[in-house]
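So the chains spell out like this:
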Amino acid sequence: MNKMGFGFLRLPKLGPQDDTSIDYELLNRMVDAFLEAGGSYFDTAYTYLSGESESALRKSLVERHPRSSYRVATKLPSWKVKCEEDNERYFKEQQERCGLDYFDVYLLHWLNAKNYEIAEKYHEFAFMSRLKAEGKVGAIGFSYHDSAELLHEILTKHPEVDYVQLQLNYLDWDSPSVQAQLCYETAVKHGKKVLVMEPVKGGTLAEIPAEAAAAFAELDPTLTPAQWALRFAQSLPEVEIVLSGMNSMEQMAENMQDVPLMNEQELAACGKAREIIRSQTAIPCTACGYCAGNCPKKIAIPQYFKLYNEYARNHNDDWKIQPVYDALCKTYGKASDCIGCLQCERNCPQKIQITHWLKETAKALE
Ligand code: SF4
Ligand code: SF4
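Analysis parameters
Residues numbered from 1 in each chain as written. Chains lettered and ligands numbered in written order. Predicted model: local features only at pLDDT ≥ 70, side-chain atom pairs only at ≥ 80, totals over all residues. Heavy atoms only, no water. Helix = DSSP H or I, 4+ residues; strand = E, 2+ residues; numbered from the N terminus. Rg over C-alpha atoms; globule rule 2.2 N^0.38 Å. Buried < 20%, exposed > 50% of the residue type's maximum accessible area, 1.4 Å probe, protein only. Contact = heavy atoms within 4.5 Å. Areas by Shrake-Rupley, 256 points an atom, 1.4 Å probe, with all protein chains shown as cover. Lys, Arg positive; Asp, Glu negative; His and termini not counted. Charge placed at Lys NZ, Arg CZ, Asp CG, Glu CD. Pairing = 2+ DSSP bridges. Right-handed = clockwise from strand over helix to strand, strands pointing away. Core = buried A, V, L, I, M, F, W, Y, C linked by side-chain atoms within 4.5 Å. Near = heavy atom within 4 Å. Nonpolar A, V, L, I, M, F, W, Y, C, P; charged D, E, K, R; others polar. Phe/Tyr/Trp six-rings, centres within 6.5 Å; stacked < 30°, edge-to-face > 60°. Lys NZ or Arg CZ within 6 Å of the ring centre and 35° of its normal. Arc of directions from axis to C-beta. Domains from an automatic or database assignment. Buried area = accessible area lost by both parts, 1.4 Å probe. Salt bridge = Lys/Arg side-chain N within 4 Å of Asp/Glu carboxyl O. Polar contact = N/O pair within 3.5 Å; in protein donor to acceptor, adjacent residues only side chain to side chain. Axes fitted to C-alpha atoms, helices over the stretch in contact; angles between N-to-C directions. Parallel < 35°, antiparallel > 145°, perpendicular 65-115°, else oblique. Left-handed = near helix turned anticlockwise from the far one by under 90°.

**Digging into the overall build of the chain**
Check the secondary structure of the chain and you find 15 helices and 8 strands. Here the chain has a C-alpha radius of gyration of 20 Å; the compact-globule value for 366 residues is 21 Å, and the two agree. Along the three orthogonal principal directions, the C-alpha set of the chain runs to about 60 × 50 × 45 Å. For the chain, the proportion of its 366 residues judged to be buried stands at 53%. The contacts of the chain with a sequence gap of at least 6 include a subset with a gap of at least 24, amounting to 75%. When the accessible surface of the chain is summed, it comes to about 15800 Å², and 52% of that surface belongs to carbon and sulfur atoms. Both charge centroids of the chain, one from 40 positive and one from 51 negative side chains, sit 4 Å from each other.

**Observations concerning the pairing of strand 1 (residues 4-7)**
Side chains Met-4 and Phe-6 of strand 1 all project onto a buried face; the interleaved residues Gly-5 and Gly-7 project onto the opposite face, where all are buried too. Summarising the sheet, strand 1 and strand 2 (residues 41-43) pair through 2 bridges and their orientation is parallel. By the bridge assignment, Gly-7 is partnered in strand 2 with Asp-43. Each parallel crossover has a hand, and the one from strand 1 via helix 1 (residues 24-36) to strand 2 is right-handed.

**Things to note about the nonpolar core**
Within the largest apolar cluster, 86 residues are counted, with the highest numbers of intra-cluster contacts made by Phe-6, Phe-42, Phe-125, Phe-142, Tyr-144 and Tyr-170. With 7 residues, helix 1 is the largest single contributor of residues to this core. Ranked by size, the runner-up nonpolar core spans 24 residues in total, among them Leu-307, Cys-329, Cys-348 and Leu-358.

**Looking at the site of ligand 1**
Around ligand 1 sit 13 residues, and of these Cys-295, Cys-338, Cys-341, Leu-342 and Cys-344 come closest. Only helix 14 (343-347) and helix 15 (354-365) provide two or more residues apiece to the shell around ligand 1. Tallied by class, residues from the shell around ligand 1 come to 10 nonpolar, 3 polar and no charged.

**Let's talk about the environment of Ser-177**
Tracing the chain through its elements places Ser-177 in the loop between strand 6 (163-167) and helix 7 (180-189). Linking Ser-177 and Lys-351, residues 174 residues apart in sequence, is a C-alpha distance of 7.2 Å. Contacts of Ser-177, omitting those with residues within four sequence positions, involve Gln-350 and Lys-351.

**Topic: the packing of aromatic side chains**
Applying the stated rule across the entire model yields 23 aromatic pairs. Seen in terms of ring centroids, Trp-79 and Trp-110 are 5.1 Å apart; in terms of plane orientation they differ by 70 degrees. Their pairing is edge-to-face. Residue Trp-79 is located in the loop between strand 3 (71-76) and helix 3 (84-98), and its partner Trp-110 is located in strand 4 (residues 103-111); the two are separated by 31 residues in the primary sequence. A cation over an aromatic ring shows up here: Arg-89 above the ring of Tyr-90, its NZ or CZ 4.7 Å from the ring centre. Lying over the aromatic face of Tyr-46, Arg-97 brings its terminal NZ or CZ to 3.9 Å of the ring centre.

**With respect to unusual backbone geometry**
One non-glycine residue with positive phi stands out, namely Gln-179, at about 55 degrees. Looking at where Gln-179 falls in the secondary structure, it is placed in the loop between strand 6 and helix 7. With phi around 50 degrees, Lys-201 is a residue other than glycine that occupies positive phi space. Judged by its relative accessible area of 2%, Lys-201 falls in the buried class.

**Focus on helix 4 (residues 113-121)**
Those residues of helix 4 that fall on the buried side of the exposure criterion are Asn-115, Tyr-116, Ile-118 and Ala-119. For helix 4, the buried positions fall inside an angular range of 160 degrees around the axis, keeping them on one side. Turned more than 90 degrees off the buried face of helix 4, the exposed positions are Lys-114, Glu-117 and Lys-121. If you follow the buried residues of helix 4, they end up packed against strand 4, helix 5 (124-133) and helix 6 (148-157).

**Examining the domain arrangement of the chain**
Interfaces are often described in size by the accessible area the parts lose on coming together. Entries for the chain in the domain assignment read domain 1 (4-280) and domain 2 (301-365). Contacts between the two partners involve 11 residues from domain 1, matched on the other side by 9 residues from domain 2. At the boundary of domain 1 with domain 2, total buried surface from both sides reaches about 910 Å², with 39% on carbon and sulfur atoms. Interface area lost by domain 1 to domain 2 is led by Gln-17, Trp-110 and Gln-280, which between them contribute 46%. Inspection of the region where domain 1 meets domain 2 yields 0 salt bridges. Inspection of the region where domain 1 meets domain 2 yields 1 residue pair in polar contact (both at pLDDT 80 or more). In the side of domain 1 that touches domain 2, the residues fall into 3 nonpolar, 5 polar and 3 charged.

**Regarding the packing of helix 12 (residues 301-313) against helix 15**
Between helix 12 and helix 15, the least distance of the axes is 10 Å, while the angle of their chain directions is 60 degrees. In this view, helix 12 runs oblique relative to helix 15, as classed from their interaxial angle. By crossing handedness, the relation of helix 12 to helix 15 is classed as left-handed. Of the residues in helix 15, those touching helix 12 at Ile-301, Tyr-304, Phe-305, Leu-307, Tyr-308 and Tyr-311 are Ile-354, Trp-357, Leu-358, Glu-360, Thr-361, Ala-364 and Leu-365. Tallied by class, the residues present in the contact of helix 12 with helix 15 amount to 11 nonpolar, 1 polar and 1 charged.

Listed below in C-alpha cells is the structure:
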C-alpha cells in the first residue's frame, strides 16, 4: 500500500536559506522517480517557498510530463484575500505560475478561526464551488489548523467540500493543541476524505531519541523512524494521501517503499515512542517557517528551536551546537534580539509560545 503524495513545501535548495535557489537537477530526478514508483499526487500552495513552489512545480513536473500522469493540488491563500475579486485574481495567477488550466484539488489554505472569518467574509467556499461547477477544479476542501469543534462547525455549514487536509502524525495524535485524532474523527463523521500534512512533523519523527527508535526496532529493525511515521498516517482508513516534503533521492526511495497497514502491536509502539519523544522534546516546532517571514528582527526561529531541542536533549552536546548557533547569528537576528511584537506567534500553527522559547534559547546558547 502506498498513499504517498509529493509535497512542494520543502524542496532541495542550493542555498539552504534561499527559497529561490531550488536545485532543479535533483528535483527533476526526484519528480521522475516519484512518478516511476507509482506516485501521482503533487501538493503546492501560493505561498510555499516564498512563492517559488508553484513555479517549481511547473518547471519540474508540468513542462516535463504528460498531464494524464499526475494530479495537482494547490491552495488559495485565504488570509491574503482583501476583497472578493482577490479570489479570482489569485486563482488566475496560480494557473499561470503552475502552467495549468485545471487543478485536480483546490483548497483554502490554513483555515483556523481567524482565516475562516476571512473565508466567509469574501465567500471563498462559494468561489471554490463555482470553480468546480465550471470544471476548473476537480475537488475542493481546505487545509486546517484549529480545534475539532470548529472543524465540526465548518463542515456542518459547508458540506460541499470533498477534502480536509490535516496535520496528522503519531506524536500529535492526542495533542491538546493539534487535536489530530479528534479532527480526523470529525472529518470522517462528516464523510470527508483526509489528506495528511506533516506526517513526519517537519522531520522531527525522522530523528527520534534512541529509546523511541528501539521501541520500533524491536518489532522491525529494517524500517527507519520516518517510515514508521509514514506508516502510521497511511494506516488510517479514510486517509487518501499522505504528503511528504522530500529533498533527497534517499528520502524518495525510503518513502515510496510499499508498507503494510499497522497492527495493534505496532500502534502500541507508536504510543510508546510518543511518550518518549514528548519527554525529550522541549519545543514542538515543525520547521514550517510560517513565523519567520514577518519577523522585523529576522530571527531564524525554526533553526534556533531545532538547536534548542538538541541542547535540551543532551546538554553535553553544547560544544557541537554552539558553533552552529553562532554561525546563524552572523546572518540572522539573535534569539535575544526579539522585541516581543508577537507577529510570529500569531502565525504559528502549533501555537508555540515563541517569545518564551526564544528567551530560553538565548539563556542556553548566548
Ligand atoms: S516576537 Fe520576536 S521573534 Fe516574533 S516576530 Fe516579533 S521580534 Fe520576531
Ligand atoms: S515556531 Fe511555529 S510557525 Fe515557526 S517554524 Fe516552528 S511550528 Fe512553524
